[in-house]
Amino acid sequence: MFTKQVLGRTTADTEGDVVVLLIGMRVNHFWAVHQWLPVMTAMFRMLGELARNHDRGLLGHVMLTASPRTYYVVQYWESKEKLYAYAHSPEMFHHRAWAIVNRKERAGKTRGHVGLWHEAYVVPEGSYEAIYLDMPAFGLARAHGQVPVERRGRSARDRFAHRSGPKAAERAE
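Procedures and definitions
- Residues numbered from 1 in each chain as written.
- Predicted model: local features only at pLDDT ≥ 70, side-chain atom pairs only at ≥ 80, totals over all residues.
- Heavy atoms only, no water.
- Helix = DSSP H or I, 4+ residues; strand = E, 2+ residues; numbered from the N terminus.
- Buried < 20%, exposed > 50% of the residue type's maximum accessible area, 1.4 Å probe, protein only.
- 1 Å grid on protein atoms, 1.4 Å probe; cavity = no way out; pocket = protein on both sides within 12 Å on 5 of 7 lines; lining within 4 Å.
- Points joined across faces, edges and corners; volume = space filled by probe spheres on them.
- Nonpolar A, V, L, I, M, F, W, Y, C, P; charged D, E, K, R; others polar.
- Pairing = 2+ DSSP bridges.
- Axes fitted to C-alpha atoms, helices over the stretch in contact; angles between N-to-C directions.
- Contact = heavy atoms within 4.5 Å.
- Phe/Tyr/Trp six-rings, centres within 6.5 Å; stacked < 30°, edge-to-face > 60°.

A. Representation of the overall build of the chain in the model. Summing up its helical and strand segments, the chain has six helices and seven strands in all. Put simply, the chain runs from its N terminus to its C terminus through helices and strands in the order β-β-α-β-β-α-α-β-β-α-β-α-α. With respect to the three principal axes, the spread of C-alpha positions in the chain is 55 × 40 × 30 Å. Counting the 173 residues in the chain, one finds 34% classified as buried.

B. Broad picture of the environment of G126. Within the secondary structure, G126 sits in the loop between β5 (114-123) and β6 (132-133). Along the sequence, G126 and R96 sit 30 residues apart, while their C-alpha atoms lie 37 Å from each other.

C. Layout of the layout of surface pockets. Considered as a void within the structure, the largest pocket measures approximately 1000 Å³ in volume. Along the walls of the largest pocket sit 45 residues, with V39, M46, W98, V101 and L116 positioned nearest its centre. Counting residues per element, the ones that place at least two in the lining of the largest pocket are β2 (18-27), α1 (33-52), β3 (58-65), β4 (70-77), α2 (80-88), α3 (93-106) and β5. Per element, the largest residue contribution to the lining of the largest pocket is ten residues, and it comes from α1. Residue classes in the lining of the largest pocket are distributed as 30 nonpolar, eleven polar and four charged.

D. Empty space enclosed by the protein, seen in detail. Counting across every chain of the model gives one cavity of 30 Å³ or more. Each pocket or cavity is described by its volume, and for the largest cavity that value is around 110 Å³. T14, Y128, E129, R152 and R159 are the residues nearest the centre of the largest cavity, which is lined by 13 residues in total. For the lining of the largest cavity, the secondary-structure elements that each account for two or more residues are β1 (9-12) and α5 (156-161).

E. Representation of the sheet that holds β2. Pairing is antiparallel in the open sheet, where four strands are placed in the order β3-β4-β2-β5. With one partner strand each, in any of the chains shown, β3 and β5 form the two edges of the open sheet. On average, adjacent strands in this sheet sit at an angle of 15° to one another, irrespective of strand direction. Where β2 meets β4, eight bridges bridge the pair, whose relative direction is antiparallel. Paired with L22 across the bridge in β4 is V74. Running over the sheet, α1 touches β2, β3, β4 and β5 and is turned about 20° from β4.

F. Spatial organisation of unusual backbone geometry. Not every positive phi belongs to a glycine, and D134 is a case in point at roughly 55°. Here D134 is to be found in the loop between β6 and α4 (140-144).

G. Broad picture of the packing of aromatic side chains. This structure, assessed with the given rule, holds two aromatic pairs. Consider the rings of Y72 and W117, whose centres lie 5.7 Å apart with planes at 50°: the pair is tilted. Of the two residues, Y72 sits in strand β4 while W117 sits in strand β5, which places them 45 residues apart along the sequence. Judged by relative accessible area, which is 27%, W117 ranks as partly exposed. For the pair W77 and Y86, a centre-to-centre distance of 6.1 Å together with 35° between the ring planes defines the contact as tilted.

Structure, rendered in structure tokens:
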């Protein structure tokens, strides 16, 4: 009843470059809940803000944990320009949250109770591939769509070599 459909061997239906943001936090002192809980709730608030406005460019995300201390979100974006626009938009919560962090840091009021990090990648077409076996849409496939693996190639080499649309034809010339 609650099981998502699984489709055998599938791959992500991506076209062009893929923009991936890894963003997270590390709880350095568990007892300092008053320091790390607002950071965690801020991430949920930002994800909610993005979910309410798909034009901002977030295509999908996966929440993960690396350890009992480290939590992060893998985000898939439409473009790096939309990622930048969200990060720098004064009307979005991210801008306000980072202003608070920066103010505390300048005032010497950070105590090392919680660590923050992010890594952003623009992965050119031909430099990524994905395969899912008996999985519902997940990760890249959830963000970009899921297709039978035969549409992109049975082997990783074939999926890496896959090119999409008119841009691919222009690059080949």
